[in-house]
Each structure stands twice: as C-alpha cells, then as structure tokens.
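The residues making up each chain are set out below.
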Amino acid sequence: MADTKREIERKYESDESGLPDLTGVAGVASVIDKGVAHLDATYYDTADERLAASSITLRRRTGGSDAGWHLKFPVAPGVRDEIQAPLSDSLPDVLAGLIRSRVRDAELVPVVRLRSARDLRDLLDAAGRLLAEVSVDAVRAQRLTGGDGEAQWTEIEVELADGIDPVFLDTVDKRLRKAGVRPSASASKLARALSETAPEATKAGKSSKSSKSSKSPKSSKTSQAPQASGKKSAKKARASQEPVTAGDHVVAYLRAQRDAIVALDPAVRQDLADSVHSMRVATRRMRGTFKSYGKILDRAVTDPIGEELKWLAGELGLDRDREVLTERLAAALDQVPDTLVTGPVGNLLSMWASESHGGARTRLIGVLDSARYLTLLDTLDSLVTDPPLRDAAGKEPGKVIAGAVRKDFDKVSALVEEALELSPGEDRDVAVHEARKKTKRTRYAAEAATPALGPPAKNLARSMKSLQGLLGDHQDSVMARQTLRELSAAAHAAGESAFTYGLLYGREESRAAAVEAELPGFWAGIRDGAAAL
C-alpha cells in the first residue's frame, strides 16, 4: 500500500542566526514551535546513480511523523510527487515497480545516509489553519557507496500545506530574503550530499576506506538503464551537443521519444490521466521516424525494433481504443431526446464498455515487468547511444531531411486524392483510414525536422495534426457504426428495440459525410501551404 502526495517546497541556506521571525508574514497569525525531530534517512540508488541522474530520490527514513519508504519524482522546480510506503526492511514491490524502467537489473545500494535534527514550526492563519511547515535542518551526510566523504550543513525548508495557494510561498520568500536568507543552490538534500561527499571533493591523500555496508532493498530484475553503462559520460556529451548533421537531428528526436517512454512508465503503472496515450504516441513517433528516415537509419536494424514498438503500442491500446469509442457513443446518446431512447441503451453501452480484456490493467503491468519490454528499453538505449547511421546521416540536414518529409507528404497527397475519387462506402472508408495513418507518420517526420528546417516544417507538422484530427473523426465514426451494429444485433436478440441504435448510426453516418464534404477544401489549403517546404 502506498500513498501519493504533491510536495511543494523551497529550500534556503542557513547560518548560525537560524530562522528569522516570521510572525510578520502576511496571513500568518501565529508561529507554533513543534520541537525538534531526529531523522535518519538512507538513500538508495544504483552504483552509477541512475535515479539521481533523473532527479528521483528513494529513501528509507526513520524518525518524525512519516517514517517509511519515500520515492520522489520531479514535477517542476520546487514541486515533487512523493509516494510513501510503510517502513519495512526491504523495498516494497509497489515502489520497486515505479523505478523499474530506470533501474532494470542493476542492484540498488545505499549511497548516502543523512541524519538531520529538524527544528520544526507551523505557520497558522487566524482560523488556526496550517499554511506551511518551516524547519531548520542541521544535516550530517555520509557517503556509503562510491567514496567515504562526509559533509554537514544547515538549511531552512518551507513546505506548503495541502490546499494552500502556492503564492503564499512567495510571501514567505520575501520575508526570508529581506532577512538576508538566500535560496539553496541545491534542489534537494540528496543532490547536495552527493556533490559534497563525492570522491573528488575529499581531501587529497586521505586514505581509502571500504564502503559502509547496509542491507540493500530488493532490486527489480530488469535490464540496463539509460545512464547505466561505462559510456555514461559519452552519452551525456552526445545528448548535450547541438545537432549539426541530418543524423544528429533524427537521433535527437529518437532520444526524446526513448526518454518519454522511460519517464512515462511510472505514470502508466499508477494509471495517471493520459499516460497510456502519451506512451503509445512516443512508440508511434519512433516507428514513424524509422520509416521516414530510412536514408539516415539502417532499416535492417530499425525494422525489428519497430516491430517490438508495435507490440508495445498494441498492449497499451487494449483498453484505450474502447475507452475513446465509449466516450464518443455516450456523448452521442446524451444528445438524443429521452422520447427517442427506447430500451436500456445506456445500460447495454455500459456493459459493453466494461467488458474485460482478461484483466487488461493487470496484463499491462505484467507487460511493463516483462523481460520482453525491459529488453526493448535496453535496445532503445543502444539505439540512441550507437545509432545505425547510413552515409546520408553525415550530410547537412537541409536537403536530406527535407527530402524525407516531402516524400512522406507526397504519399499522403496520393492517398487523400485516391480517397476523394472514391464513392462513399467501405472502399472510401478504408482509403481515408490509410491516409490518416500516413498523415501521422508525416506529422512525426515534420516534428523531427523542425529544429533543422524551422517554420516550414513546424507549419507542416501543425497542418498534419489538424488533418489527422479530421480523418481521425471519420475513422472513429466508422468504428462507432460497427459497434452500433453489434449492439443493435444484441438488443434485437434480447427482444429489445433497436430503434435508438439506428438513430445513432444515422447520426454517425452524417458526421462521416460532413468530414468527407469538408476534406477537399481542407486538403487544398494544406497542399498549398506545404509548397514552402
């Protein structure tokens, strides 16, 4: 069992003068001294600090009011999501899963121990409501892995209470700055501890000591993480370089999608809004890039990876497609007057929507824990570290990348023109769907090209997104009509009226016809705009 909390806080340096008087802060009616708590936290990471590289912290802490395991993910500067689990000797499985995409098969080891004396105060308003907790933390840091350094410092921490406007932190900040208190240079205690206890920070000639031992939490049995190999420095150097060649630009886009898949893994496991869809889009962007930029990337290498990405996208989409279709049909049913709703249409739609795909949620977690998925992550790491570049990759991007985008656009053009020439019906539906798929690929190719080609590629990506939306509405109508036929047949077999299903079917036909009527003019505008590429 784990609880999630949004942590909004600011950190400041502190000296022997301690905490300034905060009774004059606007909105603060009283400052309550809560005494001193003694906290003892051991932070865990891989030996090469993969979690720290992603600004993720994992600790086991005793003392204070929230003893237990704490896992923190960055959200924005000064904002983190903290997932807490009860105190135990080994890392709880729920937390192990959330870091699996980064840790993989590496062992988690204790890297730093922080012991803090926390002098805590509550800031209350006139109604006695907690506005923020302010603490003065005297910290002692001890390196446990990768060195034997020690450090100590004192800092002030202001953490916003639940439900309070973050603007209140600005008010406290003004008071602290006026008193001469300056913001901390480190984003977290762990970041400061790792920096100040690093081997290069220890005194020259200091004798080497063996690392302190401590019981390590159970690590997830997965594969190598993005920053895991001995090529870590080279990978960082490559990632930090501005793209120059055509290959640089394409690999930079691929790297962004790899990073998105890894970063979205914990959100998918927590079933956070839009996370499944976003990860699925990242897989599609990579696959599209493989196909669009075949002159830059060796398809003999990327095609098998694309098949694995297709598998992952399929697993991610098991419930997503039905969810989207359910929302469409439910919204359409809401627009039908009650007098035209015959039979338990809403109930049948709800039953259809809730049909299980063999426990899809459990299945998806199993996929994310599988050797196949984790091997795919390893493969993506290798791909962006040592990409299979062809000769054209070394050329200037203008000609090579622009040529690839124009080639994709020409294919979209041919498919749209083909669809427009067909009469309404199944053949046109299939042609529109094929045009939609090629439109997505062209959009992703234009996205990858934007840093190199500028506004023309950016405008094309925007146009392709709009066209994708229009053609997607048409495809959703096709799928909705297919589902309505199935639901109508089920209702008829049960002796119920199928009238409302027919009504909804007719409205979906009208929506598709409206798209088909709009498409010629819509496409003409896009075609003319694409001439600038």
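In this text, all values refer to a predicted model and were calculated from it rather than measured experimentally.

What counts, and at which threshold
Residues numbered from 1 in each chain as written. Predicted model: local features only at pLDDT ≥ 70, side-chain atom pairs only at ≥ 80, totals over all residues. Heavy atoms only, no water. Helix = DSSP H or I, 4+ residues; strand = E, 2+ residues; numbered from the N terminus. Patch = residues over 30% accessible without salt bridge, like charges linked within 9 Å, V, L, I, M, F, W, Y side chains within 5 Å. Areas by Shrake-Rupley, 256 points an atom, 1.4 Å probe, with all protein chains shown as cover. Salt bridge = Lys/Arg side-chain N within 4 Å of Asp/Glu carboxyl O. Lys, Arg positive; Asp, Glu negative; His and termini not counted. Charge placed at Lys NZ, Arg CZ, Asp CG, Glu CD. Buried < 20%, exposed > 50% of the residue type's maximum accessible area, 1.4 Å probe, protein only. Pairing = 2+ DSSP bridges. Core = buried A, V, L, I, M, F, W, Y, C linked by side-chain atoms within 4.5 Å. Contact = heavy atoms within 4.5 Å. Arc of directions from axis to C-beta.

Caption draft 1: Local environment of unusual backbone geometry. Positive phi is not limited to glycine here, since Ser55 has a value of about 60 degrees. Mapped onto the secondary structure, Ser55 falls in the loop between α1 (50–53) and β3 (57–62). You will see that Asp271, though not glycine, has its phi angle at about 60 degrees, which is positive. Counting through the fold element by element, Asp271 comes out in the loop between α7 (246–269) and α8 (275–292).

Caption draft 2: A look at a positive patch on the surface. Residues Lys295, Arg390, Lys395, Lys399, Lys407 and Lys411 make up a contiguous surface patch of positive charge. Considering the arrangement of structural elements, one finds Arg390 in the loop between α12 (371–385) and α13 (397–421). You can call Arg390 partly exposed: its relative accessible area is 44%.

Caption draft 3: Just the pairing of strand β6 (residues 109–124), in detail. Across the 16 residues that make up β6, a large majority, 12, are buried. Bridge count for strand β2 (residues 30–45) against β6 is 15 bridges, and the pairing is antiparallel. What sits directly across from His38, in β6, is Ala117. Bridging between β6 and strand β7 (residues 130–143) involves 13 bridges; their strand directions are antiparallel. Each bridged residue has a counterpart across the sheet, and for Leu124 the counterpart in β7 is Leu130. Taken together, β6 and the strand that follows it, β7, pair antiparallel across an intervening segment of five residues, in which Gly128 is found at a positive phi of about 80 degrees.

Caption draft 4: Spotlight on the nonpolar core. Ile261, Tyr293, Ile296, Tyr373 and Val405 are the most contacted members of the largest nonpolar core, which totals 66 residues. In contact with Tyr373, not counting residues within four places along its chain, are Ser101, Ile261, Asp265, Met279, Trp311, Leu312, Val367 and Leu368. Formed by 20 residues, the second largest nonpolar core is a distinct cluster that contains Leu19, Leu131, Val136 and Leu160.

Caption draft 5: Quick look at helix α10 (residues 345–354). Along α10, the residues that are buried comprise Val345, Leu348, Leu349 and Trp352. Viewed along the axis of α10, the buried residues span an arc of 100 degrees, placing them on a single side of the element. In α10, the exposed positions angled more than 90 degrees off the buried face are occupied by Asn347, Met351 and Ser354. Where α10 is buried, its residues meet α9 (299–334), α15 (455–493) and α16 (499–529).

Caption draft 6: The arrangement of the pattern of salt bridges in detail. All told, the structure shown has 47 salt bridges when counted by the stated rule. The shortest N-O distance in the salt bridge between Arg80 and Glu9 comes to 3.4 Å. Residue Arg80 is found in strand β5 (residues 79–85), and its partner Glu9 is found in strand β1 (residues 3–13); the two are separated by 71 residues along the sequence. Overall, Arg80 belongs to the buried group, its relative accessible area being 14%. Note that Arg258 and Asp259 form a salt bridge whose closest N and O atoms lie 2.7 Å from each other. You can call Asp259 partly exposed: its relative accessible area is 35%. The structure contains a network of salt bridges with shared partners spanning Glu7, Glu9, Lys11, Arg59, Lys72, Arg80, Glu82, Arg118, Asp137, Glu155, Glu157 and Lys189.

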